[in-house]
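A closer look at the structure
Residues per chain are reported as follows:
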Amino acid sequence: HGGPIPPRVHWSFAGMFGRFDTAQLQRGFQVYKEVCSNCHSMKLVSFRNLAQEGGPDFSASQVKALAATYQVKDGPNDSGDMFERPGRPADAFPPPFPNDQAAAAANGGKAPPDFSVIAKARTFSRGNLTFLYDWLPFVGYSEQGPDYIHGLLNGYEDPPKDFQMPEGGHYNKYYPGHIIAMPPPLSDGQITYAKDDKGQPVAPETVDQYGKDVAAFLMWAAEPHMMDRKALGFRVILFLIILSGLLYYVKKKVWSDVG
Ligand code: HEM
């Protein structure tokens, strides 16, 4: 990894009892839909996933209406032709480009990576033994992906003096090697969040907040069953502790009259 370590964010889903924040996932989806999805596909996620328990928790009818606003490729039909039709809940999110070549051509030679598992695919090393804790599968802090995504979105800055910026490059503090083909996708006030009953946005309309919300959404997309996994992990560890105590007690008992 080339850049400085992105700051740790306090995620609602971190830790043994962490849970996704439904309202945050909904805002994150809004950021994805309005901004990121113009370049990034999310091929492994279907509209209906948005209604699954533990996720953004949209209603079935909301999902149906949302899907219908997309045009999805289908076919071949009886006469062998491909055609487009309105989306249905079971369809995956349609990609913004027909293939990787087209995606790269539209983005200065680099295709924007698919988002289905990006929050788990982007990790980094803190260069010390914290990974031992980070990767404890059930209890550790393994939120490196969302930390990186939030950092990346907030990491654009002017290059250092005398830095030779290649054409189409953008300087980002947290991108390995610093030169990224993605232009800064977010700016303050760009996305209008829903209003609360006092007429205030439900969350700050800032790059920092958009970045947190979309990173949380991408974590959910990459690991929709995280909460189940953590709950299972907790029970497994509890079981192991009880089993250890039991084995110790039995061992004492069985060997008590030897030596
Ligand atoms: C790469 C996030 C919007 C174009 C990436 C990467 C992430 C990301 C995490 C991977 C970086 C890495 O490889 O470590 C986002 C988010 C967006 C967004 C969360 C919305 C808020 C956009 C938009 C465009 C775009 C609107 C097109 C105008 C690209 C390209 C790359 C990229 C071309 C590849 C960059 C390279 O490897 O040099 N983006 N992106 N992104 N993104 Fe985005």
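Read on for an overview of the structure. No experiment lies behind these values; they were computed from the predicted model shown.

**Looking at the overall build of the chain**
Each helix and strand in the chain was counted, giving eight helices and four strands. When the helices and strands of the chain are read in sequence order from the N terminus, they spell out α-α-β-β-α-α-α-α-β-β-α-α. Against the 2.2 N^0.38 benchmark of 18 Å for 259 residues, the chain shows a C-alpha radius of gyration of 23 Å, more extended than a compact globule. A burial count over the chain gives 37% of its 259 residues as buried. Put simply, the chain shows about 15,000 Å² of open surface, and 58% of that area lies on carbon and sulfur atoms. In the chain, 25 positive and 27 negative side-chain charges are present, and the distance between their average locations comes to 8 Å.

**A look at the side chain of histidine 150**
Residue position: histidine 150 is located in helix H6 (residues 144–153). A polar contact of 2.8 Å, which involves the side chain of histidine 150, links it to the side chain of aspartate 208. Apart from the residues lying within four places of it in its own chain, the contact partners of histidine 150 are Val9, Trp11, Asp208, Gly211, Lys212 and Ala215.

**Points about the packing of H6 against helix H7 (residues 207–222)**
Two elements in contact, H6 and H7, have axes separated by 8 Å at closest approach and are oriented at 150°. By the angle between their axes, H6 is roughly antiparallel relative to H7. For the crossing formed where H6 meets H7, the hand is right-handed. Every residue of H7 that contacts H6 at Pro146, Ile149, His150 and Leu153 is listed here: Val207, Asp208, Gly211, Lys212, Val214, Ala215, Leu218 and Met219. Residue composition of the contact of H6 with H7, grouped by class: eight nonpolar, two polar and two charged.

**Quick word on the coordination of the iron atom of the ligand**
Under perfect tetrahedral coordination by four donors, a metal shows angles of 109.5 degrees; under perfect octahedral coordination by six donors, it shows angles of 90 or 180 degrees. The iron atom of the ligand binds to the protein through His40 (NE2) and Met182 (SD), with metal-donor distances spanning 2.0 Å. A relative accessible area of 9% means that histidine 40 is categorised as buried.

**Some remarks on the pattern of salt bridges**
For the coordinates displayed, the defined rule picks out eight salt bridges. Residue aspartate 213 pairs with arginine 27 through a salt bridge whose shortest N-O separation is 2.7 Å. Remark: arginine 27 occurs in helix H1 (residues 22–34) and aspartate 213 occurs in helix H7; sequence separation between them is 186 residues. Per residue, the accessibility class of aspartate 213 equals that of arginine 27, and both read buried.

**Some remarks on the site of the ligand**
In the vicinity of the ligand, 22 residues are found, and the nearest of them are Cys36, Cys39, His40, Tyr148 and Met182. For the ligand, a nitrogen atom lies 2.8 Å from a polar atom in the side chain of histidine 40. Lysine 110 places a side-chain nitrogen or oxygen 3.4 Å from an oxygen atom of the ligand. Of the residues in the shell around the ligand, the class split is 18 nonpolar, two polar and two charged.

**Looking at the environment of methionine 82**
Structurally, methionine 82 is set in the loop between strand E1 (71–74) and strand E2 (83–86). Not counting residues within four places of it along the chain, the set of residues in contact with methionine 82 comprises Asp74, Gly75 and Pro76.

**Considerations on the packing of H1 against H7**
Running from amino to carboxyl end, H1 crosses H7 at an angle of 100°, the nearest separation of the two axes being 7 Å. Relative to H7, the element H1 is oriented roughly perpendicular. Of the residues in H7, those in contact with Gln24, Leu25, Arg27, Gly28, Phe29, Val31 and Tyr32 of H1 are Gln209, Tyr210, Lys212, Asp213, Val214, Ala216, Phe217 and Trp220. When its residues are assigned to classes, the contact of H1 with H7 shows nine nonpolar, three polar and three charged.

**Some thoughts on the nonpolar core**
In this structure, Tyr32, Leu50 and Phe93 are the most contacted members of the largest nonpolar core, which totals 42 residues. Residue assignment for this core shows that the elements contributing at least two residues are H1, helix H2 (60–68), helix H4 (118–121), H6, H7 and helix H8 (226–254). Counting residues per element, this core draws most heavily on H7, at eleven residues. If we skip the residues at most four places from it in the chain, leucine 50 touches Phe29, Pro56, Asp57, Phe58, Val63, Leu66, Phe93, Phe217 and Trp220.

**What to know about the side chain of arginine 85**
Note on placement: arginine 85 falls in strand E2. Side chain to side chain, arginine 85 and aspartate 91 meet in a polar contact 2.9 Å long. When sequence neighbours within four positions are dropped, the list of residues in contact with arginine 85 reads Tyr70, Gln71, Val72, Asp74 and Asp91.

Analysis parameters
- Sequence order sets the numbering: in each chain, residues are counted from 1 along the sequence as written.
- Owing to the predicted nature of the model, reporting of local features is limited to residues with pLDDT of at least 70; listing and counting of side-chain atom pairs is limited to 80 or more, with chain, interface and lining totals taken over all residues.
- Side-chain measures were taken over the full set of non-hydrogen atoms in the model, leaving aside hydrogen atoms and water.
- Only DSSP runs of H or I reaching four residues or more are called helices, and only runs of E reaching two or more are called strands; each is numbered from the N terminus.
- Two things to know: the radius of gyration comes from C-alpha atoms, and the globule rule equals 2.2 Å times the number of residues to the power 0.38.
- Only protein chains enter the area calculation, which uses a 1.4 Å probe; residues under 20% of their type maximum are buried, those over 50% are exposed, and those in between are partly exposed.
- Reported accessibility uses the Shrake-Rupley method at a 1.4 Å probe radius. Residues are deemed covered only where the shown protein chains occlude them.
- Working convention for charge: Lys and Arg count positive, Asp and Glu count negative, and His plus the chain ends are omitted.
- By convention, the charge on Lys lies at NZ, on Arg at CZ, on Asp at CG and on Glu at CD.
- We define a polar contact as two N or O atoms separated by no more than 3.5 Å, with the added condition that, inside protein, one atom must be a possible hydrogen donor and the other a possible acceptor, whereas residues neighbouring each other in sequence contribute only through side-chain atom pairs.
- We call two residues contacting when some pair of their heavy atoms lies within 4.5 Å.
- Structural elements are reduced to axes, namely lines fitted to C-alpha atoms, with helices fitted over the stretch in contact, and the angle between N-to-C directions of any two is expressed from 0 to 180 degrees.
- Geometric relationships in this document are graded by angle, where less than 35 degrees denotes roughly parallel, more than 145 denotes roughly antiparallel, 65 to 115 denotes roughly perpendicular, and other angles denote oblique.
- With the far helix as reference, a near helix turned anticlockwise by less than a right angle produces a left-handed crossing, and one turned clockwise produces a right-handed crossing.
- Amino acids outside the nonpolar list (Ala, Val, Leu, Ile, Met, Phe, Trp, Tyr, Cys, Pro) and the charged list (Asp, Glu, Lys, Arg) are all regarded as polar, and Gly is one of them.
- Note: metal donors comprise N, O and S atoms at 2.8 Å or less from the metal (3.2 Å for Na, K and Ca); water molecules are not included, so apparent gaps in a site are possible.
- Should a side-chain nitrogen of Lys or Arg be within 4 Å of a carboxyl oxygen of Asp or Glu, the pair is scored as a salt bridge.
- One heavy atom within 4 Å of a molecule or strand is enough for the residue carrying it to be called near that molecule or strand.
- Buried Ala, Val, Leu, Ile, Met, Phe, Trp, Tyr and Cys residues form a nonpolar core when they are joined through side-chain atoms within 4.5 Å.

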